[in-house]
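# Structural overview for review
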Amino acid sequence: MTLVTATERPARGAPRAEGGRRPSGHGTWFLVLPALIPILVLSVGPLLYGISLAFTDAQSGRTRATQWIGGLNFQDLLHDTLFWESFRIGLVWAVGVTVPQFLLALGLALLLDQDLKLRWLARALAIIPWAMPEVVVGVMWRLVYNPDAGVLNETLRTLGLGDGRDWLSGLSTALPAVIVVGVWAGMPQTTVTLLAGLQNTPRELHEAAAMDGAGAWRRFRTVTWPALRPVALAITALNFIWNFNSFALVYVLTSGGPGGRTRLPMLFAYEEAFRYGQFGYAAAMGCVMVAVVSVLLALFLVGRLKGGDEA
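Everything numeric in this text was worked out from a predicted model, so none of it was measured. (Residues numbered from 1 in each chain as written. Predicted model: local features only at pLDDT ≥ 70, side-chain atom pairs only at ≥ 80, totals over all residues. Heavy atoms only, no water.)

## Examining the environment of Val252
- Tracing the chain through its elements places Val252 in helix 11 (residues 248–253).
- Along the sequence, Val252 and Arg142 sit 110 residues apart, while their C-alpha atoms lie 8.4 Å from each other.
- Setting aside anything within four residues of it in sequence, one finds Val252 in contact with Val135, Gly138, Val139 and Arg142. (Helix = DSSP H or I, 4+ residues; strand = E, 2+ residues; numbered from the N terminus. Contact = heavy atoms within 4.5 Å.)

## Looking at the packing of helix 6 (residues 134–144) against helix 8 (residues 174–199)
- Two numbers describe how helix 6 lies on helix 8: the axes approach to 11 Å, and their chain directions differ by 135 degrees. If you check the angle between helix 6 and helix 8, you find them oblique. Seen from above, helix 6 lies across helix 8 with right-handed handedness. Residue-level inspection shows Val137, Met140 and Trp141 of helix 6 in contact with helix 8, the latter providing Val180, Val181, Trp184 and Ala185.
- Residues belonging to the contact of helix 6 with helix 8 are distributed by class as follows: 7 nonpolar, no polar and no charged. (Axes fitted to C-alpha atoms, helices over the stretch in contact; angles between N-to-C directions. Parallel < 35°, antiparallel > 145°, perpendicular 65-115°, else oblique. Left-handed = near helix turned anticlockwise from the far one by under 90°. Nonpolar A, V, L, I, M, F, W, Y, C, P; charged D, E, K, R; others polar.)

## Considerations on unusual backbone geometry
- With omega at -5 degrees, the peptide bond leading from Gly257 into Pro258 counts as cis.
- When you line up the elements, Pro258 lands in the loop between helix 11 and helix 12 (265–275).
- Phi angles above zero are rare outside glycine, and Ser255 is one such case at about 55 degrees.
- Tracing the chain through its elements places Ser255 in the loop between helix 11 and helix 12.
- The class for Ser255 is partly exposed, based on a relative accessible area of 39%. (Buried < 20%, exposed > 50% of the residue type's maximum accessible area, 1.4 Å probe, protein only.)

## Observations regarding the pattern of salt bridges
- For the structure shown, the criterion picks out 4 salt bridges.
- Its salt-bridge partner being Arg88, residue Glu85 comes within 2.6 Å of it at the nearest N-O pair. Of this pair, Glu85 and Arg88 are both found in helix 3 (residues 81–112), 3 residues apart, which corresponds to roughly one turn of the helix.
- The exposure class of Glu85 is partly exposed, given its relative accessible area of 36%.
- In this structure Arg88 comes out as partly exposed when scored by relative accessible area, which is 45%.
- Its salt-bridge partner being Glu154, residue Arg157 comes within 3.2 Å of it at the nearest N-O pair. Of the two residues, Arg157 and Glu154 are both situated in helix 7 (residues 151–158); the distance of 3 residues between them amounts to about one turn of the helix.
- According to the relative accessible area criterion, Arg157 is partly exposed, its value standing at 32%.
- The class of Glu154 is partly exposed, set by a relative accessible area of 36%.
- The structure contains a network of salt bridges with shared partners spanning Arg263, Glu271 and Arg275. (Salt bridge = Lys/Arg side-chain N within 4 Å of Asp/Glu carboxyl O.)

Limitation: the analysis is restricted to geometry and does not speak to function.
Here it is as structure tokens:
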């Protein structure tokens with residue numbers, strides 16, 4: 001038998017022999033390119049172009065060449081009260097949709113995780129709003145909120161709770177009415193994600209806690225929630241970003257009205273770019289939105305992760 005000494009053994013990380021050879025650096029990049037190219041072309045490229053456009057005076061219908069103006073667009077934004085008002089409305093919308101969305105989805109996920117009859121049917125029905133395009137959801141809810149023949153007003157009249165009102169045109173009711181639609185439309189996605197996290201929680205832990213006399217709330221607090229917290233953190237952060245960047249749903253429902261009460265930042269930038277032709281100014285708005293949301297999200301994630309480490 002031939003003994004192999006330590007000096008004769010191949011060094012750790014050294015290239016392996018033929019048939020077990022590790023891919024080289026060039027080979028690794030070749031494998032990554034099919035996924036990397038669409039990201040660069042469809043995401044990174046437009047982002048960089050939008051950032052560069054924000055430092056120009058680009059407008060639609062101009063005959064002269066676009067000029068570099070530095071940070072003038074951002075200086076104008078600092079004094080644009082309408083934009084910052086839309087930003088405030090966008091934050092109210094994002095928080096107002098994300099928080100109820102998560103709480104209701106968590107309750108529904110806990111219910112669908114139980115061993116109930118026709119559970120498969122309930123799960124299928126729960127994801128129907130997620131399968132509907134936002135434009136269809138907007139049109140459907142416009143019919144529900146219709147002041148003359150809408151289901152909501154007809155129900156209120158039948159119950160003797162008043163003659164109904166124009167929910168989407170009222171200054172005090174437009175934003176809450178749109179938030180209700182946002183919660184309804186986005187809740188299924190959150191429910192499915194949380195349900196998947198619940199099903200990955202070991203059943204043995206629940207059984208052991210029940211044998212120790214722990215009630216339902218204590219089992220949720222000590223077993224379910226610690227296992228579900230990483231999933232909850234991820235879906236909450238993603239929901240906040242998606243909700244803040246919402247466009248189609250609010251555009252179909254109110255187009256930013258009445259009086260700008262539902263004009264989200266994306267709607268404001270859209271109007272500046274495609275209604276008034278101020279492409280450079282709209283691009284500056286987009287840069288500010290990306291920067292502010294990134295900072296808020298980073299602070300949120302750092303805080304939650306530190307809290308998880310201390311726990």
